[in-house]
Each structure stands twice: as structure tokens, then as C-alpha cells.
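# Chains, contacts and geometry: an overview
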Amino acid sequence: MSTPRVPDPSPAPVAALPLARGPLSAAVITALRERPGPRTRLPTDIGRPKPYGDDLQLALQVCYELHYRGFVDVDAAWEWHPELLRLRNALEQRFLAALRADVPGHGVAADVTEALDELLVEPVNGDGLTHWLRDRGSWPQVREYLAMRSIYHLKEADPHAWVIPRLRGQAKAALVAVEFDEFGGGRGERMHSQLYADLLAAAGLRTGYLGYVEHVPPEAFATVNLMSLFGLHRGLRAALVGHFAAAEISTAPSAHRMVLALDRLGAPEACRFFFTEHVEADAVHEQVMRREVIGDLLAREPELAADVVFGIQATELLEGHLAAHTLRHWREGSSALRLPVTA
């Protein structure tokens, strides 16, 4: 393993627009380079793009990013431009339809307890990404994994904040308590997004926000777009709660595997802290999400159980897509990224 080179500690906080990956993302990106106005027109018919493919997922990622930090030299007025929102809605409907068709529990009786319990089952011979990295992964593969996850972790917990005003009572109070931990308990240097930036620096990777947007496959975009989709629609608030619970339940064991992987590879000590923090924090968050957030939400609105399960299963589906893509390349001895990672 080569000695990591620490990049610029003060990267730009806002990303430049990415390169298009097809006609839909090209239409969005081209429009955003201009000033929005009443005569702005975007495609009225998106056709039938692959719902999990490069073009649709990048187009959605760009649309959603306007609700977070935006892009360099892109007018903030684009965030609520009706033409862009109309196109985004068409993209979302294509994505949602695919998710609903592909998750196992859609359209059947929802058992939230069963869906959550399935997440707690740890296969003896697990074959996920962190299992691979723990047992046989190389340092370049670890760096690829960190780059892919940076699309989310440098904005960690931001998408879940959308659901706060859409909850009531104990569900709201408990979810805010979890978010408080995610945001560092009031300390900027302990925010999980900052801890991830510190991890990237220790691994000799770029720490800039969306710094690897050109590198990652659509499967990585989809896992983050799912959160934004759920978060920006009040009608999908329970799906976001299901997603958040699934993430908290699965993170502690996967973070533990990453600690073991980093130890095996002799990675810098600074690379471990992000993961050790999640081993401890998410073990507690799991119980809070399960008992206090989901429990109270469904006590008030039991009809939302199906949406909670949908959020859980959609999360697992897209994580499975990302794992399958990445492991296929790694088993072949090739990179899972579109471009090689550099500092």
C-alpha cells in the first residue's frame, strides 16, 4: 500500500456541473448553464430511459442537488423553476415505477417487524462489499469504495432532515435526536460529513463535495437519489423513515467490517475513526429508529406501514445493485469506477 498523499484541506464547498451521460442529463445540464426564464423549455417526453441507468440517475442527481448546495455559476432560481420540476417529476415517476415493480413486498400485506428483522440476519458467508473488503480487498479497492460512498457521506444525514417537519410527537423528537448525533452533537468537527472528509484526506483522496461525481457508476447515484426522492415528497415520508432505519441497522456491522479491512491493510489510523464512530452510534440509533420513530409513527398512522416496508426494501434493492456492479468488476480484476480515483 502506497503512502497516502493528503489533498488540499480547503476544497471548494460547491461542485461544478458534471458532464452529461445521455440526452436527458444533457438537457438538464445545458439548461442550468443559462439563466432561467419564462421561455425556458425542457423535454416534454422523456421516452423510456433505463430507470437505474447513467442518464436518468445523473439527471435526477443534478436536479436534486439544486435543493442542497447547488452548483458553481448556476442560478439559484433554477431550484423551483416549473419546467425543471416538470421534467424532474417525469424522471421520478420512471424511477419510482421501477422500484415498486422490483421490491418484493410492494402490493402485499406489510409486516414492518419482519422487514426490520430480516436486516438483522447476518449470513455466515456474507458476500457484500464490506465482506469482500474485509476478507480480500486491496487498498485500491478500498479507495474506490470510499470514493463511491463520498457522493452521500459528504452530505450525510442532510436528505433525512427533510422528513423532520413531516413527523409529529415522539417520532419527530426521536428522529431529531438521531440527526443531532449525525450532525456532530453541535460540534462541526464531529459532523459525520466532516469525519468522512477527514477519512478521505487520510486515504489520499479528494475531499471536495461531489469530488468524484464523474467517477461513480449510476448505481451509486441511485442509492443517494432514493433518499432525496423520499425526502422531498411528503407523501413518501414513511418510506424515508424506513430507509433511515434500514441504514442505521445495517451500518454498524458493515462499519465493523471496514475497520477490520483497514486494520488488515495497515491503513492510516485516521482512516478508522469514521467507521469506529458508526459502530457505536448506529447500534444505538437502530433501537431509537425502530422503537421510537417507527413505533410512534405507525401508532399514529398505521396505514403508513406499507410505505415503511417499501423504504426498507428499496434501500436493500439499490444497495444490492451497487454491490453486484462493484463485485463483478473486482472479481474480474477491473475497476468498478468510470474513471480511476486520484487525489
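Here's what I pulled together on the structure shown here.

Quick notes on the rules
Residues numbered from 1 in each chain as written. Predicted model: local features only at pLDDT ≥ 70, side-chain atom pairs only at ≥ 80, totals over all residues. Heavy atoms only, no water. Phe/Tyr/Trp six-rings, centres within 6.5 Å; stacked < 30°, edge-to-face > 60°. Helix = DSSP H or I, 4+ residues; strand = E, 2+ residues; numbered from the N terminus. Buried < 20%, exposed > 50% of the residue type's maximum accessible area, 1.4 Å probe, protein only. Lys NZ or Arg CZ within 6 Å of the ring centre and 35° of its normal. Core = buried A, V, L, I, M, F, W, Y, C linked by side-chain atoms within 4.5 Å. Contact = heavy atoms within 4.5 Å. 1 Å grid on protein atoms, 1.4 Å probe; cavity = no way out; pocket = protein on both sides within 12 Å on 5 of 7 lines; lining within 4 Å. Points joined across faces, edges and corners; volume = space filled by probe spheres on them.

Scanning all chains against the criterion turns up six aromatic pairs. Seen in terms of ring centroids, Y68 and W162 are 6.1 Å apart; in terms of plane orientation they differ by 70 degrees. Their pairing is edge-to-face. Taken as a pair, Y68 in the loop between α2 (54-65) and α3 (82-102) and W162 in the loop between α7 (158-161) and α8 (169-182) lie far apart in primary sequence, 94 residues in all. With a relative accessible area of 26%, W162 lands in the partly exposed category. Note on F274 and F275: the rings are 5.2 Å apart at their centroids and 85 degrees apart in plane angle, and the pair reads as edge-to-face. Joined through ring pairs, the aromatic side chains of Y196, F274 and F275 make up one cluster. Positioned over the ring face of Y209 is R69, at 3.9 Å from the centre of the ring.

Residues L32, F95, L99, L146, F230 and F275 are the most contacted members of the largest nonpolar core, which totals 115 residues. Excluding residues within four positions of it along the chain, F230 makes contact with L236, R237, A239, L240, H243, F310, G311 and A314.

Our next topic: the layout of surface pockets. Over the atoms, a rolled probe matching the size of one water molecule traces out where space is still vacant. A volume near 1,100 Å³ is recorded for the largest pocket. If you go around the largest pocket, you meet 48 residues; those closest to its centre are R149, S250, S254, E316 and E319. Of all the secondary-structure elements, those providing two or more residues to the lining of the largest pocket are α4 (112-119), α5 (129-135), α6 (139-153), α10 (218-231), α11 (237-265), α12 (273-300) and α13 (305-331). If one sorts the elements of the lining of the largest pocket by residue count, α11 sits on top with twelve residues.

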